[in-house]
Amino acid sequence: MSDNREWVDEAWQDVIQKVSRKSSKIGANFPHASINGTYGLADPHWWTAGFWPGQLWLLYRDTKNESFKEIAEECEVRLDKVITDYYKLDHDMGFMWTLTSRARYTLLGEEESRRRALLVANLLMGRFNVQGNFIRAWNPWYEGNQNEGWAIIDCAMNLPLLFWASEETSDPRYKNTAMKHADTILNHFIEADGSVHHIVRFDPDTGERVEFIGGQGYAPESAWSRGTGWAIYGLALCYRYTGKEDYLDAAKKVAHFFLTNLPDDYVPYWDFRLPEEVPSYRDSSAGAIAACGLLELADNVPSTEAAIYKRGGENILRSLYDNYGAWENDQEDGLILSGTGHFPENSNIEVPLIYGDYFFVEGLSILKGNKGLF
Ligand code: GLY
């Protein structure tokens, strides 16, 4: 993936300049959605906590800008407060510590970061349901909320921490657990046409599948675009770590569904199956995530097949850069406009989202010939 194009270098410079201007304002905090131009800060236990430090690590790798490194390190230390918070941590600890501790260990060999990432891999393993072969997604959102049997497609992106832990320790338990969850994705989340369910509820005791739940998508049988992106990238990564062809085939199937449902400017609506009366806002974050997945796929298939995925990923990133970027606008903290966080809850609609920014930067970094951080 090394045949850079001029626009990629230009976009990369725009990212560096904008993040340099914004980094002292945001500081060692956990931005989530940018409302009226300002990134709102989330608590450190929130699933998005890794994306700002992760973005800084991607840029530090290229620029060696010490202030990016210092902010990312401070974010990681701030996460220590929640690493022992049994009540608040959920399966998204995979995202959080992959982009902080694992990233820092990989880049700088920091032993304390390795320890944190391995500790979190063990915590993530503790959420595995052996009857249903899935990693439990969330803790109860309110008293009496029984979501012990809920698994969600987003978790595909938490699995790389487990694959990494097996590589680090030579202990196959982590990888085998991640593969059990990935097999459950294949068996229960992906439809024959390549569309993907957000939430599947299992009986936590018997492991039987009970129902599909719409979650952040429009409906149980619709096709939430960000979930589709999580599936493409997550399954492509499962293939990279395991070599199991079923994951590659499934990632390709979902990728074809995603690509054939894109509008003319390649940036998806928030759900691919919306009734006419429901507003079809874009979700730029879904585009950025899927683009990274498509580029990962391109790297894992024979060259005769790779072009469709490479072109698909580039088209999305190019359109995000040309049509959705906030490069010159210093009244806007975010990099990429028009994300849709959670339409059914009417929250964070048509705004920059930190994970949209992150995956845009990761996608550019991949186009420049690097690996992503997962
Ligand atoms: N993991 C939640 C989301 O994608 O919004």
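So, here is what we can say about the structure in this document. All of these numbers come straight from a predicted model, not from anything done at the bench. For every chain, the first residue of the written sequence is number 1, and numbering continues from 1 along that sequence. In keeping with the model being predicted, local features are shown solely for residues with a pLDDT of at least 70 and side-chain atom pairs are shown and tallied solely at 80 or more, while totals for entire chains, interfaces and linings include all residues. Hydrogens and water molecules were not included; the side-chain quantities draw on all heavy atoms of the structure.

**As for the overall build of the protein chain**
Move 1: Regarding its fold elements, the protein chain presents 12 helices and nine strands.
Move 2: Against the globule reference of 21 Å for 374 residues, the protein chain gives a C-alpha radius of gyration of 19 Å, in line with a compact fold.
Move 3: With respect to the three principal axes, the spread of C-alpha positions in the protein chain is 55 × 50 × 45 Å.
Move 4: Three exposure classes are used, based on accessible area relative to the maximum for each residue type with a 1.4 Å probe and protein chains only: buried under 20%, partly exposed in between, and exposed over 50%. Burial status across the protein chain gives 61% buried among its 374 residues.
Move 5: Put simply, 67% of the contacts in the protein chain that link residues at least 6 apart link residues at least 24 apart. Labels follow the DSSP assignment, with helices taken as runs of H or I lasting at least four residues and strands as runs of E lasting at least two, numbered in each case from the N terminus. For a compact globule the rule gives 2.2 Å times the number of residues to the power 0.38, and the radius of gyration it is set against comes from C-alpha atoms. The contact criterion used throughout is that any non-hydrogen atoms of two residues lie within 4.5 Å.

**Brief notes about the site of the ligand**
Move 1: By convention in this text, a residue qualifies as near a molecule or strand provided that one of its non-hydrogen atoms is within 4 Å of it. Taken together, Trp-47, Asp-154, Gln-216, Trp-224, Arg-226 and Trp-230 make up all the residues around the ligand.
Move 2: Within the side chain of Asp-154, an N or O atom sits 2.5 Å from a nitrogen atom of the ligand.
Move 3: We define a polar contact as two N or O atoms separated by no more than 3.5 Å, with the added condition that, inside protein, one atom must be a possible hydrogen donor and the other a possible acceptor, whereas residues neighbouring each other in sequence contribute only through side-chain atom pairs. Trp-230 is positioned with one of its side-chain polar atoms (N or O) 3.0 Å from an oxygen atom of the ligand.
Move 4: Residues are grouped as follows: nonpolar covers Ala, Val, Leu, Ile, Met, Phe, Trp, Tyr, Cys and Pro; charged covers Asp, Glu, Lys and Arg; every other residue, Gly included, is treated as polar. Residues of the shell around the ligand, tallied by class, amount to three nonpolar, one polar and two charged.

**Focus: the packing of aromatic side chains**
Move 1: Pairing of aromatic rings covers Phe, Tyr and Trp, the last counted by its six-membered ring, and requires centre-to-centre distances within 6.5 Å; plane angles under 30 degrees mean stacked, over 60 mean edge-to-face, and any other angle means tilted. Per the stated rule, a full pass over the model turns up 31 aromatic pairs.
Move 2: Residues Tyr-105 and Trp-164 carry aromatic rings whose centres are separated by 6.3 Å and whose planes lie at 75° to one another, so their mutual orientation is edge-to-face. Here the residue Tyr-105 occupies a position in helix α4 (residues 93–108), and Trp-164 occupies one in helix α6 (residues 159–169), the gap between them amounting to 59 residues.
Move 3: Given the relative accessible area of 5%, Trp-164 is considered buried.
Move 4: Ring geometry for Tyr-358 against Phe-359: centres 4.9 Å apart, planes inclined by 90°, an arrangement best described as edge-to-face. Pair check on accessibility: Tyr-358 and Phe-359 agree, each one buried.
Move 5: Ring-pair connections join several aromatic residues into one group, and the members of that group are Trp-47, Phe-51, Phe-95, Trp-230, Tyr-233, Tyr-355, Tyr-358, Phe-359 and Phe-374.
Move 6: A ring is considered to have a charge above it if a Lys NZ or an Arg CZ atom is located within 6 Å of its centre and within 35 degrees of its normal. Just above the ring of Tyr-174 sits the side chain of Arg-173; from NZ or CZ to the centre is 5.1 Å.

**Observations concerning the packing of α4 against helix α5 (residues 111–125)**
Move 1: At a minimum axis separation of 8 Å, α4 and α5 run at an interaxial angle of 155°. Taken as axis vectors, α4 and α5 run roughly antiparallel relative to one another. For α4 against α5, the interelement crossing comes out left-handed. For the pair α4 and α5, the contacting residues are Met-93, Gly-94, Trp-97, Ser-101, Arg-102, Arg-104 and Tyr-105 in the first and Glu-111, Ser-113, Arg-114, Arg-116, Ala-117, Val-120, Leu-123 and Leu-124 in the second.
Move 2: Here the contact of α4 with α5 is composed, by residue class, of seven nonpolar, three polar and five charged. Helix axes are fitted to C-alpha atoms over the stretch in contact, other axes to C-alpha atoms as well, and angles between N-to-C directions run from 0 to 180 degrees. Geometric relationships in this document are graded by angle, where less than 35 degrees denotes roughly parallel, more than 145 denotes roughly antiparallel, 65 to 115 denotes roughly perpendicular, and other angles denote oblique. Handedness of a crossing follows from how the near helix is turned relative to the far one, being left-handed for an anticlockwise turn of less than a right angle and right-handed for a clockwise one.

**A look at helix α1 (residues 6–26)**
For an α-helix, 3.6 residues make a turn, and residues three or four places apart therefore share a direction.
Move 1: Expected helix span is computed as 1.5 Å times (number of residues minus one). The first and last C-alpha atoms of α1 sit 29 Å apart over 21 residues, in line with the 30 Å expected at 1.5 Å per residue.
Move 2: For a residue, the bend is simply the angle between two axes, fitted respectively to the seven-residue segment ending there and the seven-residue segment starting there. The largest bend in α1 comes to about 30°, at Ser-20.
Move 3: Along α1, the residues classified as buried are Trp-7, Val-8, Ala-11, Trp-12, Asp-14, Val-15, Ile-16, Lys-18, Val-19, Lys-22, Ser-23 and Ile-26.
Move 4: Buried residues in α1 make contact with β1 (31–35), β2 (38–41), α2 (51–63), α3 (66–83), α11 (303–324) and α12 (354–367).

**Topic: the sheet that holds strand β7 (residues 209–213)**
Move 1: Strands qualify as paired when DSSP identifies two bridges or more between them. The sheet built from three strands is open, its strands ordered β5-β6-β7 with antiparallel pairing. Because the sheet does not close on itself, it has two edges, and the strands there are β5 (150–152) and β7. Across the sheet, the mean angle separating the axes of adjacent strands is 25° when strand polarity is ignored.
Move 2: Across three bridges, β5 lies against strand β6 (residues 199–202) in antiparallel orientation. Bridge pairing in β6 places Ile-152 opposite Ile-199.

**Focus on the nonpolar core**
Move 1: Each nonpolar core is a collection of buried residues, namely Ala, Val, Leu, Ile, Met, Phe, Trp, Tyr and Cys, held together in the definition by side-chain atoms within 4.5 Å. The biggest cluster of nonpolar side chains holds 127 residues, and the ones touching the most others in it are Phe-359 and Phe-360.
Move 2: The element that contributes the greatest number of residues to this core is helix α8 (residues 225–242), accounting for 10 residues.
Move 3: Core analysis: the second largest hydrophobic core is formed by six residues, Ala-137, Trp-138, Trp-150 and Ile-213 among them.

**Quick look at the state of the cysteines**
Move 1: Note on terminology: disulfide denotes any pair of cysteine sulfur atoms within 2.5 Å. Inspection of the entire model under this criterion finds zero disulfides.
Move 2: This cysteine, Cys-155, is not joined by any disulfide, and Cys-238 carries the nearest cysteine sulfur, 9.6 Å off.
Move 3: The buried category is assigned to Cys-155, whose relative accessible area is 0%.
Move 4: Judged by relative accessible area, which is 1%, Cys-238 ranks as buried.

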